[in-house]
There are 2 protein chains.
Amino acid sequence: MTKYVYDFSEGHKGLKDLLGGKGANLCEMVRLGLPVPPGFIISTEACRVYLRDGKPPVSLEAEVDEHLSALERSMGRKLGDPANPLLVSVRSGGKFSMPGMMETVLNVGLTDASVVGLAATSGNERFAWDSYRRLIQMFGKTVCGVPSFPHDDKADPRELVTRYKEIFREHTGRDFPQDPREQLDMATAAVFDSWNTERAIIYRRQERIPADLGTAVSIVAMVFGNLSADSGTGVAFTRDPSTGHRGIYGDYLANAQGEDVVAGIRNTVQLDKMPAQCFAELKTIMSTLESNYRDLCDIEFTVERGKLWMLQTRVGKRTAAAAFTIACHLVEEGIIDMDEALRRVSGGRLAQLMFPRFDDSERPEPLASGVGASPGAAVGKVVFTSAAAVAAKQPVILVRRETNPDDLPGMIASQGILTSRGGKTSHAAVVARGMGKTCVCGADSIVVGEDSFVVGETTVREGDVISIDGTTGKVYLGEIPVSASPVVQYFDGTIDAEADPLVTAVDKLMRHADGVRRLKVRTNADTGEDAARARRFGAQGVGLTRTEHMFLGDRRPLIERLVLATSATEQRAALDALLPLQRKDFADIFRAMQGLPVTIRLIDPPLHEFLPPLEELAVKVATGEGDEHDKELLGAVRRMHEQNPMLGLRGVRLGLVIPGLFEMQVRAIVQAYLEVPGSQPEIMVPLVGAVQELEAVRSAATAIMVDEGLEHHLPVGTMIEVPRAALTAGQIAHAADFFSFGTNDLTQMGWGFSRDDVEGTFFARYLELGIFGVSPFETLDRDGIGRLVRLAVDEGRAVKPDLKIGVCGEHGGDPESVHFFHTSGLDYVSCSPFRVPIARLEAGRAVVLADGTSDE
Amino acid sequence: MTKYVYDFSEGHKGLKDLLGGKGANLCEMVRLGLPVPPGFIISTEACRVYLRDGKPPVSLEAEVDEHLSALERSMGRKLGDPANPLLVSVRSGGKFSMPGMMETVLNVGLTDASVVGLAATSGNERFAWDSYRRLIQMFGKTVCGVPSFPHDDKADPRELVTRYKEIFREHTGRDFPQDPREQLDMATAAVFDSWNTERAIIYRRQERIPADLGTAVSIVAMVFGNLSADSGTGVAFTRDPSTGHRGIYGDYLANAQGEDVVAGIRNTVQLDKMPAQCFAELKTIMSTLESNYRDLCDIEFTVERGKLWMLQTRVGKRTAAAAFTIACHLVEEGIIDMDEALRRVSGGRLAQLMFPRFDDSERPEPLASGVGASPGAAVGKVVFTSAAAVAAKQPVILVRRETNPDDLPGMIASQGILTSRGGKTSHAAVVARGMGKTCVCGADSIVVGEDSFVVGETTVREGDVISIDGTTGKVYLGEIPVSASPVVQYFDGTIDAEADPLVTAVDKLMRHADGVRRLKVRTNADTGEDAARARRFGAQGVGLTRTEHMFLGDRRPLIERLVLATSATEQRAALDALLPLQRKDFADIFRAMQGLPVTIRLIDPPLHEFLPPLEELAVKVATGEGDEHDKELLGAVRRMHEQNPMLGLRGVRLGLVIPGLFEMQVRAIVQAYLEVPGSQPEIMVPLVGAVQELEAVRSAATAIMVDEGLEHHLPVGTMIEVPRAALTAGQIAHAADFFSFGTNDLTQMGWGFSRDDVEGTFFARYLELGIFGVSPFETLDRDGIGRLVRLAVDEGRAVKPDLKIGVCGEHGGDPESVHFFHTSGLDYVSCSPFRVPIARLEAGRAVVLADGTSDE
C-alpha cells in the first residue's frame, strides 16, 4: 500500500518531488540535527489521488491519525486539548513555489474550549485570544473563501473572535468548526484544492510547470514568538543577498509572529539584538546550512521563551550582482568548483548587469512604484499622448493609464513607458520588452489625467521630468543621473577586471564559459562600427550583415531609380551606381573583423519598403500637393503594393525576378574581399524555400567569382527561415555551403503571425491566458519551431556531415534558446553586439549543465 | 563489361529505361514479327557515361562497329558505299518524350560520293540529291547548330546541295563531313548532348523528370516513301483518337517522306487510298498491336515500292472524350477490366469534359490560334485595357500583348483573356488558371494595337465580339453559342446516362470509382444552394462552410457596429443582431444536406476586411468628401490596419480576443442543429497553432452546448493550416474531435508566400526557371507541405487512432493531390461543388493505381 505521510525524520532535501520544497528542507534540517518543531508531511502523491478522485486516498485518515498521535506524544499535548492544547500550522508546498496557491493556516487546533487551555498554559490570555482570532481569520479566508475580516488593532481580541465568528457564519452558512481534527482535514483539503485555482493554473501554463505534480502539505507543531519579551521571530541570510558580500544578514522582531515581519507593520532590528545565546546558536546553524547546501541560505526562525526554532530554510534568492559575486566567493572558499559556479549564474542575470542604471548614490525617495516590466533606466519629459511623444524634440516618457495598439508610434518615440494599470503581460509590457524599451507598469498609486498625473499630494504635469527604473519598477521625480554599467565598461575595455569586485567575478566566469563552450558566438552587425564593438564584446565573426540598410538615407534616390526604371539600361545604371557604395560598406566590415568570418545576406525586404507609404502618397496626390514625381512614385507604389509584404516579393524571389540585383551585391562582396586581404566573406541567400532557388543564385554567383578571377570560391549558403526550407533541408544541403537559421521568420511563418502585427494585438491576451508562457519571439518555441530546427540540422548533416550551421535570428542571444541551439548541434549563434557576452556565458552553461544540475 | 548496344531483336517494350520509349517499341514490333527496318540502339547507359565523362564509353566504338556490320550484312549494303549505299536514321529517345531534345537526323551516310550511288540504285536522281539536301539541312541544324537554311521548293536539289554546303561551311568553319561513320558518330554525340539543352533541363525540372536518366539513340536502316508512285508514308490510329469510336483512322501521302506528313505541306488522303495489299497488311498489324498493347496505338509507317515498313508505334494520345469512351469499349471487348479502365482516365480529363464548350456544329474557321492556357469557352466584347474591362457593363474579353500585375483588376472583370505573347507559364496563363478564367496565350498571328488588333487582313476593334476556346487555343470572330457540357448535365440530373455515349462511359467509370474508393468526398459550400448542387454531384457532406460571407452585403452595418462598439454592451447588441441571421444560414445548409455531416468553420478573416480600404477612406476624408461616419470608420481602419493581415489578428486569435464572437457563432450552430432534426454539424476552429488555443475555444463551446441543453455534444475540431499545428499535431489531437487540413494556408505559410501577392509577380518566372513544375497552390507540394500533412496524420492518429481527418483546401479537388491524400490515410477530401466528381474519380483511381500501373 502506498505510504502517504512522512515524518520529518524520514525525508531529506532530495525529495522535493514527493514532499515539496518546504517539507524536504524541513526534513533536511532535522537530518542535520537542527532544532525544528516536530511535524509530518502529507505527500504530493496523496494530492494527486485527491485531484483525480475528488477525495483523499482511503488510507490517508489512518496514516494522519498515527502521525498525529506520534506528534502529540512527542509534544506531550493533544491537538485542541481544552487543558493543554497542541496547535499546528498547515502549509502547502509543491516542488516549485507557486503564487496563487493557499499558503498557510496557523494555530490549527484552537477552539472555544482550547483557547482557554492555551491562555492557562501560556499565562497570557490576550495572546491566546489573539491566536484564536488569527486562526478564524486565516482559516476563513484561505480555507472557506471569506472575502475579508475588518481589521482593528485596538479592539479586544476576545471581542474580535466573537465578531469574526459571526462573519464566518454569515459567509459560510455554518459555525466555525469546533472539532480540531475537522479543522486539520479541511485545511488539508483546501491546500489540495488550491492547486487548481485559476491563478495557479495560469502560472503553471506560463512557467511550463506540469499540471499534474500536486502539492504536499506540511503539518508542524506551533511555536510562538509572541509569547514573551524573550520570544521573537526573524529572517536571516547567510550572505548579503543584495551585494553577495560575505557576512550574515537579517532582521529580528521581538515578541512577534512571523507574519508580522512579512507584513512590515513593525520595524525590525539587527540580528545581534536577539537573545545572545540564540544568536550564537543561529550563527552555528547558518554555517551548518551553508556547508550542507553549498550556497546562500535564506532562513525563517522563531524564538519561544529563549529557545530557537528553525521554521524554514531554502537556497536564498539574490540580485544579479550577488549571484556572480557569491558564485566566485564559493569557489575561492573551496566549496564549489568553477563548473558549478557557472551553473549558478545566467545570461538573464548578466543582461540585468548590462543595462544602464541610475546612480545609486544620488537616488531620492521614489515617487511611486510599479512592476519592472522591461529593464533599463529612462529619463525624460512626461507626455500623455502618442502624438505628443512623436512630436517631441527632447527625450520623453509616455505616461498612460494603459496602452493599446494606437500608442505604438508614441512608444517607439519615447525613452520609456509608464502605466498605472496592468502587469508583466499587459500590452505596454509586452510591446516594450519587444522593443527593448524601458517600461514600468501598474504603478497603481498614480492617477493619470488628461495633461497631468497625481500621486498622493504631488501633481506631475506634461513637460515635467521623471526618471523610471524598469528593473525595480521605481518612479522618481526629476532627472536622476544614468551611469553606464561597469560590466559593459569592462567588456568595452574601458576598465579592467580588477577595477570592481563584481567585474572581477564576471570576468572569471566569462573566462570559464569561454573555456568550456562548444558553440561559437558571432554578431549581427551592419556597419564597421557595430562589428568592431561586437569584436570587443567577444564576437568570433559576423553571422549576419543585413545589406538593406545600404539602400536607405541618401541612397534612396538610387533605389527610386531602380524601381522606376522602364528599361534594362536604366536598371543597369542604377545598379552600377550602387556597386561601389556596397563594396565600401563590405570592406569596412571586413577590416573591422580582422580576418574573422563575415556572413553577408543578400537583400531581403521587398523594394517598395524603400518608397514612401501608399496612404501618404495617395493623399498628397489627391489633395494636389504632390508633384509629377510623386504621381510617378504613387503609380509604382500602387503597382508594387502587396497585401502581405512579409509573404511577398522579397529575398531570393526578388533576386530571381530583378535581373542584376543579387549579381551586383555578389560582385561588391567579391571586390571587397579582394580589397581586404585575409577577409572571410560568406554569401547568404535569404528566404530560400526550395533547393532550385538556391541553385539558381549559386550558379549566378559562381559565374561572377569566375569573372572576377577568384581562385577559391567564396562559400554560398542559405538562411533556413521558411518552414519549407527546414522540411526539405536534405535537398537544400546539396547546394549549400552553410545553413543559418532565421528563427524570427521561421517563428512568424511557423506560427502564422507577423511580429509587427500581433505583439500589440493579442500577445498580451495570450500570455494572460497562458497560451504562451513567454513570447515565441523572445524564447524559441521548442515544440514547434524547434522541431523544424532539429529536423533541418539532422537532415542537412545527413547529407553533408560537416555542414556549418548557425542561427542569426534574435533568439541567438536568448539564454534559454542558446541552450537549445547547443543541444541541437549548431556550430554558432549570432546576436546583436550587446547580447554577445550573454550568449558566450550561456553557451558555456549549456555544456556544464549537461554535466550536472543547479539550484539556480 | 557493360553492354551498350542492342539489336532490335534483343529488346522489348518493357525496356524503356534502357532503350528509350521509341527503341523499346521498335524491339517490341520486331518481337511481334512485324516488318521493321533493321537497326540497333545505343542505350541510355552509354549516354550516362558520356554525360559523366564528357566522352563515350571506351568500348562503344567497337560495339557500334559490330552492330553496324551486322546491319550492313542484313541489308546487303554498306554505310555510305559510293556504289550501293546503306543510309540510316539517327533518333533520340528517352524513357519520357521530351521537347527541346534533338529528334532525328535522316539519310545519314550520304556524301558527295554516295549520293551518286543512291541515284543509280534508286534510278531517281532528283530523289537522291533531294535526300542529300535534307541530310545537310537536318544535320546542319540539329548536330552543328546552323540557324537556318533558305527553303526553295522550286530549285534544283543539286544546286541546293551546293548552296547548303556553303552555308554549312560558313557557320561551322569546316566542310560537311564526307566520312559516313563520322556523320553517325557526330549525330550520336549530338543526341547525347541534346539531353542538356536549356529547354530540356527546364522541361525536366517542370515535369520532375530525373536529370540523370539520359537518352538512348536508335539507328535504323532508311526506307524511302518518296521513291516512286507505289511508295508513300502515313500515320495511323487503331481507333479514333478524337472521339474514341471504333475503326481505324489515319492519313497517307503517296511518294513522300514522313516529315512531309508532319509538316502538313501536302494534303493527305484516307488510308484506303494506299496500295491495297499494304492496307490489308496494315490492318492486320494494327490488330496485332492492339492485342499486344491492349490500347489505342499510334503508328508511323512507310511504303517503299509496295513494301510496308513499320517505323514507330506507341500508345496513342487521345482527347478526354476518347479516353473515357475507349476505356469503356476495351472493357466491353474483354481486353481490359474495369480497374484498368479506371487507371486509363483521370480527373484532369474529366475536368476538361465539364467545361462549357462551343457548339461544335456551328464553329466557323478560327481567326487565330494560340496556346490553350486555361480551359473553358468565353465570349465577349474586345477591350484593350484593364480600366476598360473594369468599366464595361457587358461581358468582355481582355486582349493584351502580354499581361502584368497592373492588369489584375481587368482580368478579374473579364470573361476571358487573350494575349499575343507568352506560353503556358506566362503571367496571363498563371493568373488566369489561378482564377479559373478562360485564357488563350501566345496567339502570335495577332498584332495588338492601342484600340484594335489585326490578324492578316482582319482588323478587330474595341467593342467587336470574339469567342475564345481556352482548351484548344482557338480564337473566333463573332459570338459562338456556348453549350453546357453533357457530362455536367448528367451530374446535375437533367439528362440520364443513356442520353449520350460519352456520358454512358463517364457514368460507368464514376460508378466503378465510387465502388472502389476509400476516401469520402465532401464539398466546400457556403449556402444551401451550393450544398444542394454539390449533393447532386455526389458530395457526402460539407467539409467547409465559411461563415464570413454572412458578414457581407446588407449585414455589413452590423459588422461596423461590432467594430466601432466602444462598450461591451454595444458589442453584445451587435452580436445579438447577428445571431438569428447566422442561425438561418446554418439551418438552410443543414436542410440541403439532409442529414449528411456539415463542418462549419468559425470566422477566419480579420474584421477590418469587412470595412472599406484604408487608402480609399483616407483620400475621401482628406479631400473633404467624407462625412463624420467616414472619419470614425477611418479611425477604426487605421487602428486595425495590419502590415500583413494574413499573419495578423484572425481566426482563433480573433475569437479569443473579441469576447462573444465565437460564442455567438457556436450558439447559432447549436440552435440551427436543434431546429433541423437529424442534422450533423461539426464545429471547426480556424488557424489554431497551439493546443491551448483549441482548449480555450472548446471549453467555451462546451459551456454553450450545456447552456442550450444538448445531451450529446457536437464535435469540435480544428483546421490544421498553421505549420506549427502540423508540427504539434500530437498535442492538438488531445483537444480535437477531428482535423481538417487547410492546405492553402499551409502552403502559404509553409512556403512563406501569399497567393494574392505572388501568383502575379514571380510565379511565372519560377515556372519558367523550373523552380516549380506546377504552382503549389494547384497541386500539393509533397516534399514540403505534404511532409507536414503526413506528420500530422501520423502523430494525430498515434494519440487518437480513430481521429477523423480531412482536407478542405483547394487541393481537395486536384487529381494528383487527391492521390496523395489517399496514400496519407485521410478520411475525406472536400472541394468546390464542380470538383466533387473529379475528386470521386481520382479517389477511386488512387485505389486501383496502388494495385497496378497504367500507361495513362
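Residues numbered from 1 in each chain as written. Chains lettered and ligands numbered in written order. Predicted model: local features only at pLDDT ≥ 70, side-chain atom pairs only at ≥ 80, totals over all residues. Heavy atoms only, no water.

Attention shifts here to the overall build of chain A. Along the backbone of chain A there are 33 helices and 32 strands. Along the first, second and third principal axes, the C-alpha set of chain A runs to 105 × 60 × 55 Å. Taken over 856 residues, chain A has a buried fraction of 57%. When contacts within chain A are restricted to residue pairs at least 6 apart in sequence, those whose partners lie at least 24 apart make up 67%. Total accessible area computed for chain A in this model is approximately 33,400 Å², and 49% of it derives from carbon and sulfur atoms. (Helix = DSSP H or I, 4+ residues; strand = E, 2+ residues; numbered from the N terminus. Buried < 20%, exposed > 50% of the residue type's maximum accessible area, 1.4 Å probe, protein only. Contact = heavy atoms within 4.5 Å. Areas by Shrake-Rupley, 256 points an atom, 1.4 Å probe, with all protein chains shown as cover.)

Another aspect to go through is the relation of the copies chain B and chain A. The two copies are related by a screw motion: chain B maps onto chain A through a turn of 180 degrees and a shift of 0.2 Å along the axis, at an RMSD of 0.2 Å. When the rotation and shift are considered jointly, the pair of chain copies conforms to a two-fold rotation axis. Proximity to the rotation axis, assessed at the C-alpha, singles out asparagine 644 of chain B in chain B; its C-alpha lies 2.1 Å from the axis. Comparing interface residues between copies, 100% of those in chain B also lie at the interface in chain A; the contact surface is shared. (Least-squares fit on C-alpha atoms with pLDDT ≥ 70 in both.)

Once that is clear, we can look at the interface of chain B and chain A. Listed per partner, the contact involves 56 residues of chain B and 56 residues of chain A. At the surface where chain B touches chain A, the tally comes to six salt bridges. Taking the shortest distance from any N to any O, the salt bridge between glutamate 615 of chain A and arginine 638 of chain B comes out at 2.8 Å. Between the two partners, chain B and chain A, sit 24 residue pairs in polar contact (both at pLDDT 80 or more). Element by element, the count of residues in the side of chain B that touches chain A is highest for helix α32 (residues 782-799) of chain B, at six residues. (Salt bridge = Lys/Arg side-chain N within 4 Å of Asp/Glu carboxyl O. Polar contact = N/O pair within 3.5 Å; in protein donor to acceptor, adjacent residues only side chain to side chain.)

Residue and element names in this part refer to chain A. In the UniProt entry, the feature "binding site: substrate" (unreviewed entry) is given for Arg546, Arg601, Glu721, Gly742, Thr743, Asn744 and Asp745. Residue placement: arginine 601 occurs in strand β27 (residues 597-601). Given a relative accessible area of 7%, arginine 601 falls into the buried group. Not counting residues up to four positions away in its chain, the partners in contact with arginine 601 are Leu544, Thr545, Arg546, Thr547, Glu548, Met684, Pro686 and Met719. With respect to the helices and strands, the residue glutamate 721 is situated in the loop between β29 (716-720) and α27 (723-727). Within the local environment of glutamate 721, its side chain forms a polar contact with the backbone nitrogen of leucine 687, the two atoms lying 2.6 Å apart. (UniProt positions renumbered as here; feature names shortened; annotations may be inferred.)

This paragraph deals with the pattern of salt bridges. All names here are of chain A. With the rule as written, the count across this model stands at 110 salt bridges over all chains. When the shortest N-O distance is used, the salt bridge between arginine 667 and aspartate 707 registers 2.8 Å. Of this pair, arginine 667 sits in helix α25 (residues 661-675) while aspartate 707 is found in helix α26 (residues 691-707), placing the two residues 40 residues apart along the sequence. According to the relative accessible area criterion, arginine 667 is partly exposed, its value standing at 24%. In this structure aspartate 707 comes out as exposed when scored by relative accessible area, which is 53%. Among the charged side chains, a salt-bridge network with shared partners connects Arg239, Arg246, Glu290, Glu332, Glu333 and Lys508.

Moving on, we get to the sheet that holds strand β5 (residues 88-93) of chain B. Residue and element names in this part refer to chain B. Strands sit in the order β1-β2-β7-β5-β6 across an open sheet of five strands; the sheet is antiparallel. Either end of the sheet is taken by a strand with one partner, and the two such strands are β1 (5-7) and β6 (104-108). On average, each strand axis in the sheet is inclined to that of its neighbour by 20 degrees, with strand direction left out of account. Bridge count between strand β2 (residues 39-42) and strand β7 (residues 216-221): four bridges; the pairing is antiparallel. The residue of β7 that forms the bridge with isoleucine 42 is valine 217. (Pairing = 2+ DSSP bridges. Axes fitted to C-alpha atoms, helices over the stretch in contact; angles between N-to-C directions.)

The subject of this paragraph is the environment of isoleucine 417 of chain B. Residues and elements named next belong to chain B. Among the structural elements, isoleucine 417 can be located in strand β17 (residues 416-419). Counting along the chain gives 299 residues from isoleucine 417 to valine 716, while the straight-line C-alpha distance between them is 43 Å. Setting aside residues no more than four positions away along its own chain, isoleucine 417 makes contact with Ile397, Leu398, Thr403, Met411, Ala428, Ala432, Lys437, Thr438, Cys439, Val440 and Ile468.

All names here are of chain B. Contact geometry of helix α29 (residues 743-751) with α32 gives a least axis separation of 10 Å together with a crossing angle of 120 degrees. Regarding the angle of α29 to α32, the classification is oblique. Both α29 and α32 take part in a crossing whose hand is right-handed. Taking contact as the criterion, the partners of Leu746, Thr747, Gly750 and Trp751 in α29 are, on α32, Ile785, Leu788 and Val789. Of the residues contributing to the contact of α29 with α32, the split by class is five nonpolar, two polar and no charged. (Parallel < 35°, antiparallel > 145°, perpendicular 65-115°, else oblique. Left-handed = near helix turned anticlockwise from the far one by under 90°. Nonpolar A, V, L, I, M, F, W, Y, C, P; charged D, E, K, R; others polar.)

The subject of this paragraph is the sheet that holds strand β8 (residues 232-239) of chain A. Residues and elements named next belong to chain A. Read from one edge of the open sheet, four strands run β9-β8-β10-β11, paired in antiparallel fashion. Edge positions in the sheet fall to β9 (246-254) and β11 (307-315), since each of these pairs with one other strand and no more. The average angle at which neighbouring strand axes cross in this sheet is 20 degrees, direction not considered.

Before going further, it helps to spend a moment on the packing of aromatic side chains. As enumerated under the stated definition, the model contains 52 aromatic pairs over all chains in all. A ring pair is formed by tyrosine 252 of chain A and phenylalanine 301 of chain A, whose centres lie 6.2 Å apart and whose planes are at 5 degrees; its orientation type is stacked. Of this pair, tyrosine 252 of chain A sits in strand β9 while phenylalanine 301 of chain A sits in strand β10 (residues 297-304), and the two are 49 residues apart along the sequence. Here tyrosine 252 of chain A and phenylalanine 301 of chain A have matching classes, each one buried. Centre to centre, the rings of tryptophan 751 of chain A and phenylalanine 753 of chain A are 5.4 Å apart; their planes meet at 20 degrees, and the pair counts as stacked. For the pair formed by tryptophan 751 of chain A and phenylalanine 753 of chain A, the shared burial category is buried. Cation over ring: lysine 13 of chain B sits above tyrosine 293 of chain B, and NZ or CZ is 4.7 Å from the ring centre. Lying over the aromatic face of tryptophan 195 of chain B, arginine 204 of chain B brings its terminal NZ or CZ to 4.0 Å of the ring centre. (Phe/Tyr/Trp six-rings, centres within 6.5 Å; stacked < 30°, edge-to-face > 60°. Lys NZ or Arg CZ within 6 Å of the ring centre and 35° of its normal.)

Once that is clear, we can look at the side chain of asparagine 292 of chain A. Residues and elements named next belong to chain A. As for its placement among the helices and strands, asparagine 292 is situated in helix α10 (residues 276-293). Looking at asparagine 292, the relative accessible area reads 17%, which means it is buried. For asparagine 292, the side chain forms a polar contact with the side chain of glutamate 28, separated by 2.8 Å. Among all residues touching asparagine 292, those that are not within four sequence positions of it are Lys13, Glu28, Arg31 and Leu32.

Under the domain assignment, chain A is made up of domain 1 (5-221), domain 2 (232-315), domain 3 (355-483) and domain 4 (517-550 + 581-606 + 656-851). The gap between the C-alpha centroids of domain 2 of chain A and domain 4 of chain A is 51 Å. (Domains from an automatic or database assignment.)

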